[in-house]
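Listed here are the chains, written in short residue letters.
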Amino acid sequence: MAAPLTLACVLAAVVYAAGAARLRRRGDAWPWRRDCVFAAGCAAVVWGLTGPVPGGPFTAHAGRHLLTAMAGPALLAVARPLTLVLRLLPPGRPRRGLLRVARSPVAGWLLFPPVAAAVDLGGLWLLYRTELWAAAHRHPLLGGLLELHMLLAGLLFAMAVCRLDPVRGRCGLPLRAVTLLVAGAAHAVLAKSLYVAGPPGTAFAAADLRAGAQLMYYGGDAVEVFLALVLAVQWHAATGRRRARQAARDAVPAGAH
């Protein structure tokens, strides 16, 4: 599964860059930083799937987990890929179809922040605190499907928290911030539990297990801080817009209404 996912990431980066260039050629604004962020997200996923990660077996796995399931998806979500596609598509059936999917009840349910967090963190708890890890190493197909799940679940969670693309439903900043806080706490508790005992059915060296758990704990914190900064920027922008509207209303003479 790593090879198809790697190829998909490379193709996605190429398509994104070509689409952004097309927007700029026709005179539309599209910040270069989004191109860089998307490329960095794809690179993080590819590195997590195929690149060298130092440390023992569990430490290396923890590093891959952070790259593939957390850092990469967070960067991809911030780059607003759905917005780019919608701006590229001309009015017509394909664009209406994509909007219909993005604003469907199913998409709205999956992108509801607590649900997305449950899908993401629930999968991680099942992987590390049940026999699922051991089974994945015995069955390569299951391991590949778990890699795909972690990538998609991480992307789902990041998109639900950031809420930058036009999707169904309006989830306020307080709900998204609380969800991020609770999800971060659940991830931290999972990492601490792995510091004490590895996944059932496995036998890692104690030093390797502790190093991997610490990497998962502090690396997870770093990604969550990044997502929190995205929310802080959104809050600052929303506050500025409210103040500007209020200033405009205050500037209108009473007799002009």
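As shown above, the structure is provided for reference.
Okay, so let's go over this structure. Residue indices begin from 1 for each chain and proceed along its sequence in written order. Only residues with pLDDT of at least 70 are given local features in this predicted model, and only at 80 or more are side-chain atom pairs given and counted; all residues enter the totals for whole chains, interfaces and linings. For the side-chain quantities, the full set of heavy atoms in the structure was used; hydrogens and water were omitted.

## Focus: the overall build of the chain
Here comes step 1: Helix and strand counts for the chain stand at 11 helices and zero strands.
Here comes step 2: Strands are runs of DSSP state E lasting at least 2 residues, helices are runs of H or I lasting at least 4, and numbering of each runs from the N terminus. Listed by position from the N terminus, the elements making up the chain come as α-α-α-α-α-α-α-α-α-α-α.
Here comes step 3: For the C-alpha atoms alone, the extent of the chain along its principal axes is close to 80 × 40 × 30 Å.
Here comes step 4: Across the 257 residues in the chain, those meeting the buried criterion constitute 42%. When accessible area is computed with a 1.4 Å probe and restricted to protein chains, residues below 20% of their type maximum are described as buried, those above 50% as exposed, and intermediate ones as partly exposed.

## What about the nonpolar core?
Here comes step 1: Residues Y128, F157 and L194 are the most contacted members of the largest nonpolar core, which totals 32 residues.
Here comes step 2: At the level of elements, α3 (57-78), α7 (113-129), α8 (132-138), α9 (140-162), α10 (173-196) and α11 (206-251) are the ones that each hand at least two residues to this core.
Here comes step 3: Every residue pair with non-hydrogen atoms within 4.5 Å of one another is taken to be in contact. Excluding residues within four positions of it along the chain, L194 makes contact with F58, Y128, R129, P199, L209, A213 and M216.
Here comes step 4: Here, the term nonpolar core denotes a set of buried Ala, Val, Leu, Ile, Met, Phe, Trp, Tyr and Cys residues that are joined through side-chain atoms within 4.5 Å. The next biggest cluster of nonpolar side chains, apart from the first, holds 16 residues, and it includes L5, L23, F38 and L88.

## Observations regarding the side chain of D120
Here comes step 1: Relative to the helices and strands, D120 resides in helix α7.
Here comes step 2: Setting aside chain neighbours within four positions, we find D120 in contact with A153, G154 and F157.

## Observations regarding the pattern of salt bridges
Here comes step 1: The term salt bridge refers to a pairing of a side-chain nitrogen on Lys or Arg with a carboxyl oxygen on Asp or Glu at a separation within 4 Å. Within the structure shown, the criterion is met by two salt bridges.
Here comes step 2: Here R24 ties to D35 by a salt bridge, and the two come within 2.7 Å at their closest N and O atoms. Of this pair, R24 sits in helix α1 (residues 2-25) while D35 sits in helix α2 (residues 32-50), and the two are 11 residues apart along the sequence.
Here comes step 3: The exposure class assigned to D35 is buried, which follows from its relative accessible area of 12%.
Here comes step 4: R26 is the salt-bridge partner of D28, the closest N and O atoms lying 2.7 Å from each other.
Here comes step 5: When its relative accessible area of 26% is taken as the criterion, D28 is described as partly exposed.

## Let's talk about α9
Here comes step 1: A helix is expected to span 1.5 Å for every residue after the first. A rise of 1.5 Å per residue sets the reference length of α9, with its 23 residues, at 33 Å; its end C-alpha atoms lie 33 Å apart and thus fit the reference within 8%.
Here comes step 2: By the burial criterion, the buried members of α9 are G144, L146, M150, L151, A153, G154, L156, F157, A158, A160, V161 and C162.
Here comes step 3: At the C-terminal side of α9, R163 shows a positive phi close to 55°.

## Considering the packing of aromatic side chains
Here comes step 1: Only Phe, Tyr and Trp rings are paired, with Trp represented by its six-membered ring, and only when their centres lie within 6.5 Å; those with planes under 30 degrees apart are stacked, over 60 edge-to-face, the remainder tilted. For the structure shown, the criterion picks out seven aromatic pairs.
Here comes step 2: Measuring from centroid to centroid gives 5.3 Å for F58 and F204, while their planes differ by 50°, and the two rings are tilted. You can see F58 sitting in helix α3 and its partner F204 sitting in the loop between α10 and α11, a full 146 residues away along the chain.
Here comes step 3: Taken together through their ring pairs, the aromatic side chains of F58, Y128, W133 and F204 make up a single cluster.
Here comes step 4: The side chain of R24 reaches across the aromatic face of W32, ending 3.7 Å from its centre. Whether a charge sits over a ring depends on NZ of Lys or CZ of Arg being within 6 Å of the ring centre and within 35 degrees of the ring normal.

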